[in-house]
Amino acid sequence: MDCLFCKIINKEIPADIIYEDDHVIAFNDINPQAPTHALIIPRKHISTLNDIKDEDTALVGHMIQTAGKIAKQLGFDETGYRTVFNCNEHGGQTVYHIHLHILGGKPLGWPPYQETLKTPIN
Ligand code: AMP
Ligand code: ZN
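Just so you know, these numbers come straight off a predicted model, no measurement behind them.

(A) Local environment of the overall build of the protein chain. Looking only at helices and strands, the protein chain features 3 helices and 5 strands. Going residue by residue from the N terminus, the α and β elements of the protein chain occur as α-β-β-β-α-β-α-β. For the protein chain, the C-alpha radius of gyration of 15 Å lies close to 14 Å, the compact-globule estimate for 122 residues. When its C-alpha atoms are laid out on the principal axes, the protein chain stretches across 40 × 30 × 30 Å. Within the protein chain, counting contacts between residues at least 6 apart in sequence, those at least 24 apart form 54% of the total. Between the centroid of the 10 positive side chains of the protein chain and the centroid of its 15 negative side chains there is a distance of 3 Å.

Right, here's the structure in full:
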């Protein structure tokens with residue numbers, strides 16, 4: 001399968017891996033949007049959030065729990081951080097293997113695209 005993140009899992013492409021276990025791996029994003037910006041991905045290939053099956057819910061829960069563990073490992077669990085799943089074109093998904101972004105290390109703006117909105121949402 002021609003999937004960038006499967007290639008990272010299979011060690012065919014290098015990545016700066018910060019955590020791994022039997023079910024997920026996490027590595028630093030190549031284009032960081034915060035002092036720490038990592039991606040948590042399942043070893044199982046799932047293309048988008050829309051493709052999560054009943055049998056995958058524990059795995060996705062494990063991804064979310066792993067975000068908390070990594071935040072603690074990096075020392076910003078108490079100050080806070082953001083987690084994001086982008087889905088499909090309007091969500092800004094560019095890699096079609098689900099991944100949980102974890103961003104931390106500074107106060108993050110909200111809403112995230114406020115500065116670039118040219119017209120009111122409604
Ligand atoms: P998304 O836009 O939500 O699909 O996120 C994909 C993320 O993968 C982006 O933040 C990219 O910067 C990141 N990315 C793409 N290629 C690599 C790579 N080889 N290693 C690490 N991160 C990557
Ligand atoms: Zn994949």
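Additional details are given in the paragraphs that follow.
(B) Summary view of the coordination of the zinc ion (ligand 2). Those protein atoms acting as donors to the zinc ion (ligand 2) are C3 (SG), C6 (SG), H45 (ND1) and H97 (ND1), and they sit at 2.0 to 2.3 Å. Each donor residue of the zinc ion (ligand 2) lies on one chain, and together they are spaced C-x2-C-x38-H-x51-H.

(C) Fine view of the site of ligand 1. The full set close to ligand 1 counts 15 residues, and D29, N86, G92, T94 and H101 are the nearest of them. Protein chains shield 83% of the accessible area of ligand 1, which is 500 Å² for the free molecule.

(D) Broad picture of the pattern of salt bridges. On inspection of all chains with the given rule, the structure shows 4 salt bridges. Between K7 and D2 there is a salt bridge; the shortest N-O distance is 2.7 Å. Given the relative accessible area of 25%, K7 is considered partly exposed. In this structure, K44 engages D56 in a salt bridge whose closest nitrogen and oxygen atoms are separated by 2.5 Å.

(E) View of the sheet that holds strand β5 (residues 100-104). With antiparallel pairing, the 5 strands of this open sheet are ordered in space as β1-β2-β3-β5-β4. With one partner strand each, in any of the chains shown, β1 (17-20) and β4 (81-84) form the two edges of the open sheet. Looking at each pair of strands side by side, their axes are set apart by 20° on average, direction ignored. Relative to β5, β4 runs antiparallel, the two being bridged by 4 bridges. Looking at β5, one finds that T83 is bridged to I102. The sheet strands contacting helix α2 (residues 57-74) are β1, β2 (24-28), β3 (36-42), β4 and β5, and the helix crosses β3 at an angle near 150°.

Rules of the game
- Residues numbered from 1 in each chain as written.
- Chains lettered and ligands numbered in written order.
- Predicted model: local features only at pLDDT ≥ 70, side-chain atom pairs only at ≥ 80, totals over all residues.
- Heavy atoms only, no water.
- Helix = DSSP H or I, 4+ residues; strand = E, 2+ residues; numbered from the N terminus.
- Rg over C-alpha atoms; globule rule 2.2 N^0.38 Å.
- Contact = heavy atoms within 4.5 Å.
- Lys, Arg positive; Asp, Glu negative; His and termini not counted.
- Charge placed at Lys NZ, Arg CZ, Asp CG, Glu CD.
- Donors = N, O, S within 2.8 Å, 3.2 Å for Na, K, Ca; no water.
- Near = heavy atom within 4 Å.
- Areas by Shrake-Rupley, 256 points an atom, 1.4 Å probe, with all protein chains shown as cover.
- Salt bridge = Lys/Arg side-chain N within 4 Å of Asp/Glu carboxyl O.
- Buried < 20%, exposed > 50% of the residue type's maximum accessible area, 1.4 Å probe, protein only.
- Pairing = 2+ DSSP bridges.
- Axes fitted to C-alpha atoms, helices over the stretch in contact; angles between N-to-C directions.

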